[in-house]
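Structural characterization, general
The chain contents come next:
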Amino acid sequence: MEKRKVGIWEMEERISKNYHFKPQVYKELEKWEQKAEKLKWQIQVTSGIFPELPKIPIKPVTTGRQVYRGVVIENVYFESMPGVFVAGNLYYQKEHCMIMPAILNPHGHWDKDRFERTEIVDVPARCMNQARNGMVAFTYDMIGRGESLQFPHGFRNRNFEEYGISLLGMQLYNSIRCLDFLESLPFVDSSRIGCTGASGGGTQTFLLTAVDDRIKAAAPVNMVSFHMQGGCECENAPGLRIGTNNVELAALAAPRPLMITGCTGDWTCNVPEEEYPALREIYELYGENNKVEYYYSDAPHNYRKDVREKVCEWFLEQFFGKGRKYLPEEDFQIAIESLKVYSKENVPESQMNLEQFTNSIKKEKQGVCKKMIAEKSGREQLKKALQILFGIENQDKSTKDFQAFEKERKCILSVGKKREDIPIMKNSGIEKETDIIHLHCSYGNHQFYFEQENAYVFYKSETAKIIQQIIQEAEKIKKNGYQYVMLCSDEVFIWECCIAYALSSQIDGYLSDGKNWKNAEEKIFISQGLRESEE
């Protein structure tokens, strides 16, 4: 079958040329499982779902209900986090005599989101047919799409990233809460839950499957590739794909059943020759190579009818066995307005805006981190998480690794745009025998341009790069014979200095005047707690 270039694939051709990743070969199950454990941790930390976000009871509200050819369709919303709401549609058979398996259906980037009804993608038809075949289907909005517009679908912000707050992470956590919602339903069998979505919905599918074992079978459609890794902020976060790619992230489903699809008209055009064989090798390590499959079509980027039917039939086999008769899709006519959850009368009053939400999450994470610092295991986890979040290798080098001069020498490493702008540098009480070295640091827009030019594939946040600079400069100072290195900074770089101090044993302290210290109290506790607990 000749590979064609149509639709979005033409726009992503440059990306595929620049980024064509080669699979890493794992010959032993132990080696793969070590990597898999690291990757699961990496997803949790870089997405921001570690430390765990606040869980509140699932209290679904049904705002509409209809029955179509024996299938109940409910319009539902629930609160996933304080002030954050998920809206979606639940499909299930009206007459059922037993608990049923369920499938989550994240929708992906289509013009009408979960309401998309075209030849290329039809989300309601997909869910309807899953329900006709005896499975509960739930499709829900991505953040900033469909009816869930309390936050924009894109809000990159350096101050958010310092706390691991990202669009990808919020969507992933909403998907986790959607699992909680399905488990709360009395007619759902929680031991048989699957997930499928195409494009951005495919990314959500394999990320959710990686971090939540409650997904027992997964079918990411037209997304898993050694080429393009995700073209939207909701599919990317700083550090997410450092040292890995989407094929490995999808392989984290192993040994659970996995089906991927590819087509001639997008970045999954090599699935039969490249991505599927790489996944099969991972499954062979478990002796479960029969649990991974692929379907390939001559089509543009899609989740069209032939793909939907293949995937639905595959789920039927996973959850009911081979003896279950599959019911093909039927023509399905329904008014989109009847599927909408919200109206002027029933929009949740307690919805937060983005600023309110991020402020509440920052406080929540600060509280969780302070509790973690009180315990040794918590400190170890937190330090490991910070290393991943900011792309910092283990910095626990002994001071014996650096040769100091016989005479005790002290150095202050000042960090910021200008040394004279750092308040403590104006302090006449600094010892005369203390040398001062200034590290010029500044933020700009070049980080975002770099990420866009490189298609958001492998990148660290600008904050991570500055923290690395600080640590490297401190090590350089120690190698030059100084026994003590103290940090100080202007207010902009307090957080970066505190993280560098927390992660590097070669930095001996952080200096601040009273004003800076008070303003930075919410950030400084991390470096104080992690370092003081070691001394």
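This text goes with the structure placed above it.
These remarks concern the structure in this document. In every chain, residue numbers begin from 1 and rise along the written sequence. Selection of residues for local features in this predicted model requires a pLDDT of at least 70, selection of side-chain atom pairs for listing and counting requires 80 or more, and totals for whole chains, interfaces and linings are taken over all residues. Heavy atoms throughout the structure, all of them, feed into the side-chain values; hydrogens and water do not.

Considering the packing of helix α3 (residues 29-47) against helix α12 (residues 376-389)
For the record, the criterion: Lines are fitted to the C-alpha atoms to define the axes, a helix being fitted only along its stretch in contact, and any angle between axes, read from their N-to-C directions, falls within 0 to 180 degrees. Here a helix means four or more residues in a row that DSSP labels H or I, a strand means two or more in a row labelled E, and each is numbered from the N terminus. Angle categories: roughly parallel below 35 degrees, roughly antiparallel above 145, roughly perpendicular from 65 to 115, and oblique for all the rest. Any two residues whose heavy atoms approach within 4.5 Å are treated as being in contact. Each residue is assigned to one class: nonpolar for Ala, Val, Leu, Ile, Met, Phe, Trp, Tyr, Cys and Pro, charged for Asp, Glu, Lys and Arg, and polar for all the others, Gly among them.
Orientation of α3 relative to α12, taken along the N-to-C sense of each, is 80°, at an axis distance of 9 Å. Taken together, the axes of α3 and α12 are roughly perpendicular relative to one another. Residue-level contacts link Trp41, Gln42, Val45 and Thr46 of α3 to Gln381, Lys384, Ala385, Ile388 and Leu389 of α12. Class assignment for the residues of the contact of α3 with α12 results in five nonpolar, three polar and one charged.

Brief notes about the packing of aromatic side chains
Using the following cut-off: Pairs were defined over the aromatic rings of Phe, Tyr and Trp, the Trp ring being its six-membered one, requiring ring centres within 6.5 Å. Orientation was assigned from the angle between planes: stacked under 30 degrees, edge-to-face over 60, tilted for the rest. Only when the NZ of Lys or the CZ of Arg is both within 6 Å of the ring centre and within 35 degrees of the ring normal is a charge said to sit over the ring.
Tallied over the entire structure, the rule returns 16 aromatic pairs. On the basis of an interplanar angle of 25° and a centroid distance of 5.3 Å, the ring pair of phenylalanine 78 and phenylalanine 181 is categorised as stacked. Placement of the pair is phenylalanine 78 in strand β2 (residues 71-81) and phenylalanine 181 in helix α6 (residues 167-184), with a sequence separation of 103 residues. Grouped by ring-pair contacts, the aromatic residues Phe78, Phe138, Tyr140 and Phe181 constitute a single cluster. Just above the ring of phenylalanine 320 sits the side chain of arginine 192; from NZ or CZ to the centre is 5.3 Å. The ring of tyrosine 482 carries the charged tip of arginine 409 above its face, separated from the ring centre by 3.9 Å.

A short note on the sheet that holds strand β4 (residues 100-106)
Defined as follows: Note on pairing: DSSP must find at least two bridges between two strands before they are called paired.
The sheet built from nine strands is open, its strands ordered β1-β2-β3-β5-β4-β6-β7-β8-β9 with mixed pairing. In the strand order of this sheet, the two ends are held by β1 (61-68) and β9 (292-300), each with one partner. In this sheet, neighbouring strand axes are inclined to one another by 20° on average, regardless of whether the strands run parallel or antiparallel. Inspection of the sheet shows β4 paired to strand β6 (residues 188-198) by four bridges, in the parallel sense. Looking at β6, one finds that isoleucine 103 is bridged to glycine 194.

Things to note about the environment of glycine 200
Turning to its location among the elements, glycine 200 is positioned in helix α7 (residues 200-211). When the C-alpha atoms of glycine 200 and glycine 108 are compared, they prove to be 4.3 Å apart, with 92 residues separating the residues in sequence. If near-sequence neighbours (up to four positions away) are discounted, glycine 200 is found in contact with Gly108, His109 and Glu235.

As for unusual backbone geometry
A cis amide bond, omega -10°, links phenylalanine 50 with the succeeding residue proline 51. Looking at where proline 51 falls in the secondary structure, it is placed in the loop between α3 and β1. With omega at 5°, the peptide bond leading from alanine 254 into proline 255 counts as cis. A positive phi angle, near 55°, is found at aspartate 113, a position not held by glycine. Mapped onto the elements, aspartate 113 comes out in the loop between β4 and α4 (123-132). Notably, serine 199 is not glycine yet its phi reads approximately 60°, a positive angle. If you trace the backbone, serine 199 turns up in the loop between β6 and α7.

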